[in-house]
Amino acid sequence: MLSSYKRSAHVLVQQLKTQGVQDEQVLKVMESTPRHLFVDDVLKHKSYENTALPIGQGQTISQPYIVAKMTEVLRQVGVAGKVLEIGTGSGYQTAILAQLFDEVCSVERIKALQWQAKRRLHMLDLYNVAMKHGDGWQGWQSKAPFSGIIVTAAAKEVPKQLLAQLEDEGALIVPLGEQEQQLTLFVRKGKQFVEHRLAPVRFVPLVAGDII
Ligand code: SAH
């Protein structure tokens, strides 16, 4: 299994390069992180395909290309230090972030997913992650401000609390919309936010309110 997963991860990373991911550090971490540990046993044979996969509770592990691209954008705009992730899910994106940024704070509304993700991160010896069971629309006020915030579920509108928790020059990357979604980047310049539309995407919704 070990050597075959390494080969598959290598092939996947070659695809990411072909798709335009250039950040060598991101590519290196994507190649060395065992994505098969973040999916159920029955889907392990698909874990190095460049697709989103179901993780239970109606949720998905994001497509590797999207994980790589969002992470690359954060680094390109100068995010460093403390990062907030909304939507821990499988914990895969969290694991990638934890290897590239000093500290990762991650919020998930489904307790069962959060627990499973926590176990996986410990298995990989990633201890610079703080996790919270809560509503991502609220961000994580007591840990703010953040250099970067990444939302891995689609929001109907810009979550204002998240913008407020960015430090100056910090960046928020969030899929915006419902049926039609645009991956959108906001960079804080004092009290202003500069908005860039990056690409059409497809994420599960950022659910309002209740946590389970
Ligand atoms: N990055 C994750 C993506 C998981 S899918 C991965 O690759 O595995 C999106 C996740 O966002 C789901 O786990 C879902 O439960 C979570 N989510 C949706 N709405 C949320 C909210 N309001 N607050 C926190 N998490 C939320």
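Remember, it's a predicted structure, so these values are computed and weren't measured experimentally. (Residues numbered from 1 in each chain as written. Predicted model: local features only at pLDDT ≥ 70, side-chain atom pairs only at ≥ 80, totals over all residues. Heavy atoms only, no water.)

Turning to the pairing of strand β7 (residues 166-177), a few remarks are in order. For β7, the tally of buried residues reaches nine of twelve residues, placing the bulk of the element in the interior. In this structure, strand β6 (residues 146-151) lies alongside β7, joined through four bridges in parallel fashion. Bridging from a neighbouring strand, Ile 149 pairs with Leu 172 of β7. One ladder, built from seven bridges, connects β7 with strand β8 (residues 181-189); its direction is antiparallel. Within the sheet, the bridge partner assigned to Leu 172 lies in β8 and is Phe 186. The turn linking β7 back onto β8 is made up of three residues. (Buried < 20%, exposed > 50% of the residue type's maximum accessible area, 1.4 Å probe, protein only. Helix = DSSP H or I, 4+ residues; strand = E, 2+ residues; numbered from the N terminus. Pairing = 2+ DSSP bridges.)

Next up on the list: the packing of helix α2 (residues 24-32) against helix α3 (residues 64-76). Two numbers describe how α2 lies on α3: the axes approach to 9 Å, and their chain directions differ by 145 degrees. Crossing of α2 against α3: the hand is right-handed. Residues Gln 25, Val 26 and Met 30 of α2 pack against Pro 64, Val 67, Ala 68, Thr 71, Glu 72 and Arg 75 of α3. Here the residues of the contact of α2 with α3 sort into five nonpolar, two polar and two charged. (Axes fitted to C-alpha atoms, helices over the stretch in contact; angles between N-to-C directions. Left-handed = near helix turned anticlockwise from the far one by under 90°. Contact = heavy atoms within 4.5 Å. Nonpolar A, V, L, I, M, F, W, Y, C, P; charged D, E, K, R; others polar.)

Next up on the list: the packing of aromatic side chains. Aromatic rings considered in pairs are described by the distance between their centres and by the relative angle of their planes. Within this structure, the stated rule accounts for two aromatic pairs. Considering the side-chain rings of Tyr 5 and Tyr 48, the 5.7 Å spacing of their centres and the 25 degrees angle between planes classify their relative orientation as stacked. Pair noted here: Tyr 5 is in helix α1 (residues 2-18) and Tyr 48 is in the loop between α2 and β1 (53-56), with a separation of 43 residues, a long-range link. Under the relative-accessibility criterion, Tyr 5 is labelled buried at 8%. Residue classification places Tyr 48 among the buried residues on the basis of a relative accessible area of 10%. Ring centres of Phe 38 and Tyr 92 lie 5.6 Å apart, and the angle between their planes is 70 degrees; on these two criteria the pair is classed as edge-to-face. Taken together, the residues span a long stretch of sequence, with Phe 38 in the loop between α2 and β1 and Tyr 92 in helix α4 (residues 92-98) at a distance of 54 residues. Seen from the ring of Tyr 92, Arg 35 lies directly overhead, with NZ or CZ sitting 5.6 Å from the centre. (Phe/Tyr/Trp six-rings, centres within 6.5 Å; stacked < 30°, edge-to-face > 60°. Lys NZ or Arg CZ within 6 Å of the ring centre and 35° of its normal.)

Moving on to the UniProt feature "active site" (unreviewed entry) in the chain. Using the residue numbers shown here, the UniProt feature "active site" (unreviewed entry) corresponds to Ser 62. Within the fold, Ser 62 resides in the loop between β2 (59-61) and α3. With a relative accessible area of 15%, Ser 62 lands in the buried category. Apart from the residues within four sequence positions on either side, Ser 62 is in contact with Arg 35, Thr 51, Ala 52, Val 67 and Phe 203. (UniProt positions renumbered as here; feature names shortened; annotations may be inferred.)

With that out of the way, let us pick up the site of the ligand. Near the ligand lie 25 residues; those nearest to it are Ser 62, Ser 90, Glu 108, Gly 136 and Val 207. Ser 62 places a polar main-chain atom, nitrogen or oxygen, 2.9 Å from an oxygen atom of the ligand. A distance of 2.7 Å separates a nitrogen atom of the ligand from a polar backbone atom of Gly 136. Secondary-structure elements contributing two or more residues to the shell around the ligand are β2 and β4 (103-108). A per-element tally of the shell around the ligand places β2 first, with three residues. Residue composition of the shell around the ligand, by class: ten nonpolar, eleven polar and four charged. (Near = heavy atom within 4 Å. Polar contact = N/O pair within 3.5 Å; in protein donor to acceptor, adjacent residues only side chain to side chain.)

Relative to the helices and strands, Glu 195 is located in strand β9 (residues 192-201). Given a relative accessible area of 43%, Glu 195 falls into the partly exposed group. Sequence-wise, Glu 195 and Ile 173 are 22 residues apart; in three dimensions their C-alpha atoms are separated by 9.8 Å.

It is worth spelling out the sheet that holds strand β3 (residues 82-86) at this point. Within a beta sheet, neighbouring strands are joined by backbone hydrogen bonds and run either parallel or antiparallel to one another. Taken together, seven strands build an open sheet; the order of strands is β5-β4-β3-β6-β7-β8-β9 and the sheet is mixed. Edge positions in the sheet fall to β5 (129-133) and β9, since each has one partner strand and no second. Taking the axes of each pair of neighbouring strands and ignoring which way they run, one obtains an average angle of 15 degrees across the sheet. Sitting on the sheet, helix α5 (residues 111-123) touches β4 and β5, and the angle it makes with β5 is about 165 degrees.

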